[in-house]
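For reference, the chains in residue letters:
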Amino acid sequence: MPTAQVLPIHGRRSHQTVAQLQDVTKNFGSVRALLDFNFSVRTGELTALLGPNGAGKTTAIKLLLGLLRPTSGHVSVFGADPSQAITRTRVGAMLQVGRVPETLRVAEHIDLFSSYYPNPLSMSETLAIAGLEDLRQRRFGDLSGGQKQRVLFALAICGNPDLLFLDEPTVGLDVAARHLLWEEIRHLLSRGKTVVLTTHYLEEADALADRVAVINKGSIIAEGTPSEIKARTAGKKIRCITQLPPAVIRNIKGVMDVRADREAVVIQANDAESALRGLLSLDLEISGIEVTSAGLEDAFLALTRDDSQGDQNV
Amino acid sequence: MSSVSTSMPAVTFPRPNPLQICFKEAKYEFLKCLRTPMYSVSTMLFPIMFYVLFGLVMGRQMIGGISTTVYLIPAYGTFGVMGASLVGTAATLASDRGLGWLEVKKASPMPMYAYFLGKLVMSVMFSTVDVLMLLTLGFAFGGVHLPALVAAKLVLTLVAGSLPFCAMGLAIGYFAGPTSAPAVINIFYLPMSFCSGLWMPFMFLPKFIQKIAVFLPPYHLSQLAFRQVGAGQGGPALWHWESLIGFALICLGVAWVGHQRDQRANG
């Protein structure tokens, strides 16, 4: 029995590694999806894999689910091979799927998937967590996009897994549906579950993740807490309409970078106050000033734009 | 309750009953197909419709020494179980494989044999219903009088003989795309049915088609079924069964190659 290898779950932030990709390279024929990829998931945390489409996020998830085998390197989940049935009883997955059997009802889908697991949640618990109580008798094909995603979420959690993989769970959802799913994910974290989530919504990683790994072109280019990632691009963004040429703006104290944005310019500033004083004194006609914090999005764009710098940060 | 359970290793819970998983797979596969008109209507309605038109409405002459209404039960029975098995396995497998649903199931702890067994049981159930409906129509409106034992043996023969076509469905399902699968099925299904004498009595077929027919599995199944009602013509029963088993093994081999191909694609 692999009992000895099964790690107990103690709650959040105990920093035990429950799943790991070690030096993993994955090629599909001549196409390289991941290169020397190192990634670990800690107990009780939500780790976000953040990257543009085609960066290798889904490949990483499928390796951790044992659906793909690495070309080289090592994959372990709960200290075992992820494709073993015993490992899979502790793992739930929400994948991007082209077509789900449409003529089955919500409760029927859940009933079937629950039967695969040794210790599933009760039907009513699963329906409540996924917010599907009123839809249990509806056929899958009759649901809206957001409701369909919630059913896939329900199938991922119905086995009461300790580790949950969510591949782009909120893709295509409207704002309200996305926030609802976020609440459900936070609820699972509060119950001690470990979650790995892929997303290209930066806001999503920022809102949910304990740790973020930014992937581009099959490699991790930055890793840390959302605030650590954001700190990579320090400062604020100033958007304004001005006649000043970019070369002049760039020489103002506190300004790091300038780029044109339609009729206005967007200024990246590490000292917003000095930059504003300079701008106001040089251009009396300046208008439409907006100052915002540099978000994860700016960090992400900066990181994925400059690969050579990113590589040094791994 | 569930928050308590997460603090315990999952291995302390008994593994779920594999029989129960298989039962639920079969049950929901059956419901899924029953509610899909393209499947349930095309596999059940066509044999029935043919039987009503060519057996009940058109004359009552004799074919091969027995009345048309009796003769057409094994013929359309073979046609029906073949369709139910091919569509039930090939179309659903191709769709599950091609559109990601099989991957969702593979990521769960579901044992793969439950998935295939579910399809098999579902196909067998549709096949059984097909044959029973033909028999019921024949008894009720076609003046068919078969002893209960003969009718039972006819049903068993056709249902057992449907299994090689489930194997054929797996072979097609592993190689056809989700949208092309129905077309691929019909490319095999309809010409094979015709050449095996399921639509037109075998002795009325051109000689060269009769020569081809001995290589076609529906010919062998239909001959086994005809024997049950006293209208068998071809060689001994054992030869027909051997042909069907050989065909099933070839199809399973092809399906296995397709399965390996899928595995390789995943590294």
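Note on numbering: residues in each chain are counted from 1, in written sequence order. Following the order in which they are written, the chains are lettered starting with A and the ligands numbered starting with 1. For this predicted model, a pLDDT threshold of at least 70 governs which residues receive local features, and a threshold of 80 or more governs which side-chain atom pairs are given and counted, while totals over whole chains, interfaces and linings are taken from all residues. Computation of side-chain values: all heavy atoms of the structure, hydrogens and water removed.

### Comments concerning the overall build of chain B
Phase 1 of the analysis: For chain B, the helix and strand inventory stands at 11 helices and two strands.
Phase 2 of the analysis: Ordering the α and β elements of chain B from the N terminus gives α-α-α-β-β-α-α-α-α-α-α-α-α.
Phase 3 of the analysis: Taken over the C-alpha atoms alone, chain B extends approximately 75 × 35 × 35 Å along its principal axes.
Phase 4 of the analysis: In this scheme, a residue with accessible area under 20% of its type's maximum is buried, one over 50% is exposed, and one in between is partly exposed, where area comes from a 1.4 Å probe on protein chains only. By the burial criterion, 53% of the 267 residues in chain B qualify as buried.
Phase 5 of the analysis: A separation of at least 24 residues holds for 73% of the contacts in chain B among residues at least 6 apart in sequence.
Phase 6 of the analysis: Areas reported as accessible are Shrake-Rupley estimates using a 1.4 Å probe. Residue values count occlusion only from the protein chains shown. For chain B, the accessible surface area stands at approximately 11,500 Å², while carbon and sulfur atoms represent 75% of it. Under the DSSP-based scheme used, a helix requires at least four consecutive residues in state H or I and a strand at least two consecutive residues in state E, with every element numbered from the N terminus. In this analysis, two residues are considered to be in contact whenever any of their non-hydrogen atoms come within 4.5 Å of each other.

### Concerning the overall build of chain A
Phase 1 of the analysis: Helix and strand counts for chain A stand at 12 helices and 13 strands.
Phase 2 of the analysis: Among the 314 residues that make up chain A, the fraction classed as buried is 56%.
Phase 3 of the analysis: By sequence separation, contacts in chain A at least 24 residues apart represent 67% of the contacts at least 6 residues apart.
Phase 4 of the analysis: About 13,200 Å² of surface is accessible on chain A, with carbon and sulfur atoms providing 48% of the total.

### A few points about the domain arrangement of chain A
Phase 1 of the analysis: Start and end points for every domain follow an automatic or database-based domain assignment. Its domain assignment divides chain A into domain 1 (5-230) and domain 2 (236-293).
Phase 2 of the analysis: The gap between the C-alpha centroids of domain 1 of chain A and domain 2 of chain A is 41 Å.

### Concerning the packing of helix α4 (residues 68-98) of chain B against helix α7 (residues 148-175) of chain B
All names here are of chain B.
Phase 1 of the analysis: Between N-to-C directions, angles cover 0 to 180 degrees, with each direction set by a line fitted to C-alpha atoms, over the stretch in contact for helices. Running from N to C, α4 and α7 point in directions that differ by 30°, and their axes come no closer than 7 Å. In terms of orientation, α4 and α7 fall into the roughly parallel class. The handedness of the crossing between α4 and α7 comes out as right-handed.
Phase 2 of the analysis: Only Asp, Glu, Lys and Arg are considered charged in this grouping, and only Ala, Val, Leu, Ile, Met, Phe, Trp, Tyr, Cys and Pro are considered nonpolar; every other residue, Gly among them, is considered polar. Looking at side-chain class alone, the contact of α4 with α7 contains 17 nonpolar, seven polar and one charged residues. When describing relative orientation, an angle under 35 degrees is termed roughly parallel and one over 145 degrees roughly antiparallel, while 65 to 115 degrees is termed roughly perpendicular and anything else oblique. Left-handed describes a crossing whose near helix is turned anticlockwise from the far helix by less than a right angle; the clockwise case is right-handed.

### Quick word on the nonpolar core
Phase 1 of the analysis: We call a set of buried residues a nonpolar core when its members are Ala, Val, Leu, Ile, Met, Phe, Trp, Tyr or Cys and they connect through side-chain atoms within 4.5 Å of each other. Of all hydrophobic cores here, the largest spans 95 residues; its most connected members are Phe37, Phe39, Phe153 and Leu163 of chain A.
Phase 2 of the analysis: Of all the elements, helix α5 (residues 145-157) of chain A adds the most residues to this core, at seven residues.
Phase 3 of the analysis: Apart from residues no more than four positions distant in its own chain, phenylalanine 153 of chain A is found in contact with Met94, Ile129, Ala130, Leu164, Leu166, Leu181, Glu184, Ile185 and Leu188 of chain A.
Phase 4 of the analysis: Formed by 65 residues, the second largest nonpolar core is a distinct cluster that contains Ile63, Val159, Ala176 and Cys195 of chain B.

### Structural notes on the sheet that holds strand β2 (residues 31-42) of chain A
All names here are of chain A.
Phase 1 of the analysis: Pairing between strands requires that DSSP locate at least two bridges from one strand to the other. Strand order in the open sheet formed by three strands is β2-β1-β4, and the pairing between neighbours is antiparallel. The open sheet has two edge strands, β2 and β4 (72-77), and neither has a second partner. Looking at each pair of strands side by side, their axes are set apart by 15° on average, direction ignored.
Phase 2 of the analysis: As defined by bridge partners, strand β1 (residues 17-28) adjoins β4 across five bridges and the pair is classed as antiparallel. Considered in β4, the bridge of glutamine 22 is made with histidine 74.
Phase 3 of the analysis: Of the strands in this sheet, β1, β2 and β4 touch helix α1 (residues 57-64), which is tilted by about 120° from β1.

### Digging into the pattern of salt bridges
Residue and element names in this part refer to chain A.
Phase 1 of the analysis: Take a side-chain nitrogen of Lys or Arg and a carboxyl oxygen of Asp or Glu: if they are within 4 Å of each other, that pair is a salt bridge. In this structure the tally under the stated criterion is 16 salt bridges over all chains.
Phase 2 of the analysis: Of the charged contacts in the structure, one is a salt bridge between arginine 186 and glutamate 183, with a shortest N-O distance of 2.7 Å. Pair noted here: arginine 186 and glutamate 183 are both in helix α6 (residues 175-190), with a separation of three residues, about one helical turn.
Phase 3 of the analysis: On the basis of relative accessible area, arginine 186 is assigned to the partly exposed category, the value being 32%.
Phase 4 of the analysis: Connected via shared salt-bridge partners are Arg42, Glu45, Arg211 and Glu223.

### Some remarks on the side chain of threonine 89 of chain A
Phase 1 of the analysis: Along the chain, threonine 89 of chain A falls in the loop between α2 (85-88) and β5 (91-94).
Phase 2 of the analysis: A distance of 2.6 Å separates the side chain of threonine 89 of chain A from the backbone oxygen of isoleucine 86 of chain A, its partner in a polar contact.
Phase 3 of the analysis: Residues in contact with threonine 89 of chain A, not counting those within four places in the same chain, are Tyr117, Pro118 and Gly159 of chain A together with Pro109 of chain B. N or O atoms within 3.5 Å of each other form a polar contact, as long as, within protein, one can give a hydrogen and the other can take it, and as long as residues adjacent in sequence are counted only when both atoms are side-chain atoms.

### Some details on the confidence of the model for chain A
Low-confidence regions, as indicated by low pLDDT, have predicted coordinates that should not be scrutinised in detail.
All names here are of chain A.
Phase 1 of the analysis: For every residue, the pLDDT score states the predictor's confidence, bounded by 0 at the bottom and 100 at the top. When pLDDT is averaged across chain A, the result is 86; 89% of the residues are at 70 or more.
Phase 2 of the analysis: Note on residues 1-13: pLDDT under 50 across the span, and 30 contacts to partners over four residues away in sequence or across chains.
Phase 3 of the analysis: Here residues 307-314 is a poorly scored stretch, pLDDT under 50, and it has nine contacts once near neighbours within four places are set aside; other chains count.

### Some thoughts on the pairing of β2 of chain A
Residue and element names in this part refer to chain A.
Phase 1 of the analysis: Where β1 lies against β2, eight bridges are found, and the strand directions are antiparallel. Each bridged residue has a counterpart across the sheet, and for lysine 26 the counterpart in β2 is leucine 34.
Phase 2 of the analysis: What sits between the antiparallel neighbours β1 and β2 is a turn of two residues, in which glycine 29 has the positive phi angle 60°.

### Quick word on the packing of aromatic side chains
Phase 1 of the analysis: Aromatic rings from Phe, Tyr and Trp, with only the six-membered ring used for Trp, were paired whenever their centres fell within 6.5 Å, and each pair was classed as stacked if the ring planes differed by under 30 degrees, edge-to-face if by over 60, and tilted otherwise. Going through the model one piece at a time under the given rule, you end up with 16 aromatic pairs over all chains.
Phase 2 of the analysis: Between the aromatic rings of phenylalanine 202 of chain B and tyrosine 219 of chain B, the centroid separation amounts to 4.9 Å while the plane-to-plane angle is 40°, which identifies the pairing as tilted. Note that phenylalanine 202 of chain B is positioned in the loop between α8 (181-195) and α9 (207-213) and tyrosine 219 of chain B in helix α10 (residues 217-228), a separation of 17 residues in sequence. Exposure class is identical for phenylalanine 202 of chain B and tyrosine 219 of chain B. Each is buried.
Phase 3 of the analysis: Put simply, the rings of Phe50, Phe54, Tyr76, Phe79, Tyr189, Phe194 and Trp199 of chain B pair up and form one aromatic cluster.
Phase 4 of the analysis: Two limits define a charge over a ring: the Lys NZ or Arg CZ must be within 6 Å of the ring centre, and within 35 degrees of the ring normal. Here the guanidinium or amino end of arginine 90 of chain A rests over the ring plane of phenylalanine 78 of chain A, the centre of that ring lying 4.0 Å away.

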